[in-house]
Amino acid sequence: MKNSLLKLYALVALVAGLAALSFVGGLYVGESSSPDQANAGRVINFNSSSEDVDFNLFWEVWNLLDSKYVPPTVGTTTDVAITDQQKLYSAIQGLTQAYGDPYTVFLPPKEAKTFEEDVSGNFEGVGIEIGVRDGFLTVIAPLKGTPADRAGIQAGDIILEVDGKQTATMSIDDAIDLIRGEKGTVVILTIGRAGLDEPLDIPVTRDQINVPSIETELRDRVFIISLYNFSATSPYQFREALREFVQARTDKLIIDLRGNPGGYLEASIDMASWFMPSGKVVVKEEFGDGSGESYRSKGYDIFKDNLKLAVLINGGSASASEILAGALQEQVGATLVGTRTFGKGSVQELIRLDGGTSLKVTIARWLTPSGVSISDGGLAPDIEVELTQEDILADSDPQLDRAIEHLNSL
C-alpha cells in the first residue's frame, strides 16, 4: 500500500531514462530533404512573415568568432576547438529555442540516436518524466518501482541541478542526457520542493527501466484499475482488467491515472472506446491555422448506462492520461477526483533529417470533446482532494477513499 502511495504522491514531452517518444500523447514521424545551401548569405523573404531576413549578419558573426574568439581559460572544455559542424548544430538548436516551446527541439546525431533507442525500449536511467512548468524543469511523474520512485522523487519537484550543473538555461534534452546513464551509476538531483526552505540533494542509482502498466484491486465493492502508462500493450492489458471487473460483479469502477505521464494516443482512444458508442469524439486535434481533426470512439461500449465511474487524477497525470480523463468526464459523466492534471496537451512530429539528425516540432494542440485546451492549465477535478506527505507517512490515501465514498453513495 505504502509503495503505491509513494508512487501516487511522487509526481513533456520527454522522459529521463524512460521511453521519450511514447509519452507525448501522439507523435508523427516523417522525412525531410536537405535545406537549400544556396540560400546562405542571401536576403530571404519568408511567406509566413513580412520581415526581410538578412543572413549576412549570421555569417558576419560566424566569421568574427572564428577570427577573434579566445577561450577565457586554458586546459578546460572551453579551450577545445569547436568544429564547424558543432557550430551549425548549436545554431539550429538556438533557432528552435527561439520558439519558447520545450517540446520543439533539434536533435544532433547522438541525441537523435538516443531518442530512437528510447522509443525501442532499450534504455537505462532513473525512470522519471520531466517537462517545463513556469519556466522550471519539473518532474511530471516517476514511474512506480523505478529508481526515482524508490529514492523519493515527487511530482512537482523542480530539478535545480543535475550533478552540480544548474538547469536554469538547460534544455529538456540536455537535462535528460545528464540524468540518464549506465545501470549502477549514481546521479545526484538537486530538488526544490514546495513546503521546504532548502533544496534537497537526492542521489539516484540508475537501473534498467521496466515500465509498469496496470494493477487491479477490489475494495469495498469498488473495482480499481491503476494505469501507469499508455504503452503499446496497455490496451490489451486494460481489456483483461475490464474482464476482471465484470467478473467481480460490481457496477462501481475507479480508473486511477495518478502519476501516469501518458503514452500512445491510440491506446487512450482504444480504452475510451469501451465506455463510449461508436462515433463519439474522444479528443480533438487543433492545428495552427485553426483547422483540426477529431478522433472518435471505436464503439466497444460494453457498459452502456450500467456503470458508476470515477477517475483519479493529479499533477502527474499528463498527455494521454488527460485525453482519457477528459473524454470520460465529458462523454460518459465520469467524476474526476484528486487534483488538477499537468496540462501536456501538445502534439509533436518527428522529422528525420540528413546526417542522422532529427527535428521534433509541435504541430497541434489537444482539445477535450467540448473544446477545452488541455494545455491551458490541465483538467480540474470535480471533487478536489489533496494527498499530502503526512498522508503517505500515515499509509493513508484520502483521494482513493473519497472516490470510493462517492461511488458507494450513488
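Residues numbered from 1 in each chain as written. Predicted model: local features only at pLDDT ≥ 70, side-chain atom pairs only at ≥ 80, totals over all residues. Heavy atoms only, no water.

A.B. asks: Outline the overall build of the protein chain, listing residues and values.
C.D. replies: Broken down by element type, the protein chain carries 11 helices and 23 strands. Surface summary for the protein chain: the accessible area is close to 19,200 Å², and the carbon and sulfur share equals 51%. (Helix = DSSP H or I, 4+ residues; strand = E, 2+ residues; numbered from the N terminus. Areas by Shrake-Rupley, 256 points an atom, 1.4 Å probe, with all protein chains shown as cover.)

A.B. asks: Any details on a nonpolar patch on the surface? Residues and values, ideally.
C.D. replies: Residues Leu57, Val61, Leu65 and Tyr69 make up a contiguous nonpolar surface patch of roughly 400 Å² in combined accessible area. Along the chain, Tyr69 turns up in the loop between α2 (56-68) and α3 (84-97). In this structure Tyr69 comes out as partly exposed when scored by relative accessible area, which is 46%. (Patch = residues over 30% accessible without salt bridge, like charges linked within 9 Å, V, L, I, M, F, W, Y side chains within 5 Å. Salt bridge = Lys/Arg side-chain N within 4 Å of Asp/Glu carboxyl O. Buried < 20%, exposed > 50% of the residue type's maximum accessible area, 1.4 Å probe, protein only.)

A.B. asks: An account of the packing of helix α8 (residues 265-272) against helix α9 (residues 320-332) is needed here, citing residue identities and associated values.
C.D. replies: Across the interface, α8 lies against α9 with an axial gap of 9 Å and an inter-helix angle of 25 degrees. When the axis of α8 is compared with that of α9, the two are roughly parallel. Helix-helix and strand crossings are classified by hand; for α8 and α9 the assignment is right-handed. Only Ala320, Ile323 and Leu324 of α9 make contact with α8, whose side of the interface consists of Leu265, Ser268, Met271 and Ala272. Looking at the contact of α8 with α9, its residues break down into 6 nonpolar, 1 polar and no charged. (Axes fitted to C-alpha atoms, helices over the stretch in contact; angles between N-to-C directions. Parallel < 35°, antiparallel > 145°, perpendicular 65-115°, else oblique. Left-handed = near helix turned anticlockwise from the far one by under 90°. Contact = heavy atoms within 4.5 Å. Nonpolar A, V, L, I, M, F, W, Y, C, P; charged D, E, K, R; others polar.)

A.B. asks: Break down the sheet that holds strand β16 (residues 252-256) for me, with residues and values.
C.D. replies: Adjacent strands of a sheet pair through backbone hydrogen bonds, lying either parallel or antiparallel. The sheet built from 6 strands is open, its strands ordered β14-β15-β16-β19-β20-β23 with mixed pairing. The sheet terminates laterally at β14 (214-219) and β23 (383-384), the two strands that pair on one side only. Pairing of β14 with strand β15 (residues 222-227) involves 6 bridges; the strand directions are antiparallel. By the bridge assignment for β15, Arg219 is matched with Val222. (Pairing = 2+ DSSP bridges.)

A.B. asks: Which residues make up the confidence of the model for the protein chain, and what are the values?
C.D. replies: In low-pLDDT segments, the atomic positions of the prediction should not be examined closely. Considering every residue of the protein chain, the mean pLDDT works out to 84; 83% of them sit at 70 or more. Long-range and interchain partners of residues 1-25, a stretch whose pLDDT sits below 50, account for 123 contacts in this model, where long-range means more than four residues apart. Scored below 50 in pLDDT, residues 33-46 makes 21 contacts in the model with residues more than four places away or belonging to other chains. (pLDDT = per-residue confidence, 0-100.)

A.B. asks: Can you explain the packing of α2 against α3? Please cite residues and give values.
C.D. replies: Running from N to C, α2 and α3 point in directions that differ by 140 degrees, and their axes come no closer than 13 Å. Relative to α3, the element α2 lies oblique. Between α2 and α3 lies a crossing whose hand is right-handed. Counted together, Phe58, Trp62 and Asp66 of α2 and Asp84, Lys87, Leu88 and Ala91 of α3 form the full contact between these two elements. Among the residues forming the contact of α2 with α3, the class breakdown is 4 nonpolar, no polar and 3 charged.

A.B. asks: Could you give me a rundown of the packing of aromatic side chains, with the residues and numbers involved?
C.D. replies: Applying the stated rule across the entire model yields 10 aromatic pairs. Plain terms: the ring middles of Phe58 and Trp59 are 5.1 Å apart, the flat faces sit at 80 degrees to each other, and that makes the pair edge-to-face. We classify Phe58 as partly exposed; its relative accessible area is 34%. On the basis of relative accessibility, which here comes to 30%, the residue Trp59 falls in the partly exposed class. A ring pair is formed by Phe58 and Trp62, whose centres lie 5.9 Å apart and whose planes are at 50 degrees; its orientation type is tilted. Of this pair, Phe58 and Trp62 both sit in helix α2, separated by 4 residues, roughly a single helical turn. Counting every residue linked through ring pairs, the aromatic cluster contains Phe223, Phe238, Phe245, Phe275 and Phe303. In this arrangement the basic side chain of Lys344 is found over the ring face of Tyr103, its NZ or CZ atom lying 4.6 Å from the centre. (Phe/Tyr/Trp six-rings, centres within 6.5 Å; stacked < 30°, edge-to-face > 60°. Lys NZ or Arg CZ within 6 Å of the ring centre and 35° of its normal.)

A.B. asks: So what's going on with the nonpolar core? Which residues, and what values?
C.D. replies: Membership of the largest hydrophobic core comes to 42 residues, with the highest contact counts inside it found for Phe238, Leu253, Ile255, Phe275 and Val311. Every element with two or more residues in this core is listed here: β15, α7 (234-247), β16, α8, β17 (281-287), β19 (308-313), α9 and β22 (358-367). At 6 residues, the largest contribution of residues to this core is made by α9. Not counting chain neighbours up to four residues away, the residues in contact with Val311 comprise Ile255, Leu257, Ala325, Leu328, Ala334, Thr335, Leu336 and Val337. In terms of nonpolar packing, the next biggest core, distinct from the first, is built from 24 residues, Val162, Ile172, Ala175 and Ile179 among them. (Core = buried A, V, L, I, M, F, W, Y, C linked by side-chain atoms within 4.5 Å.)

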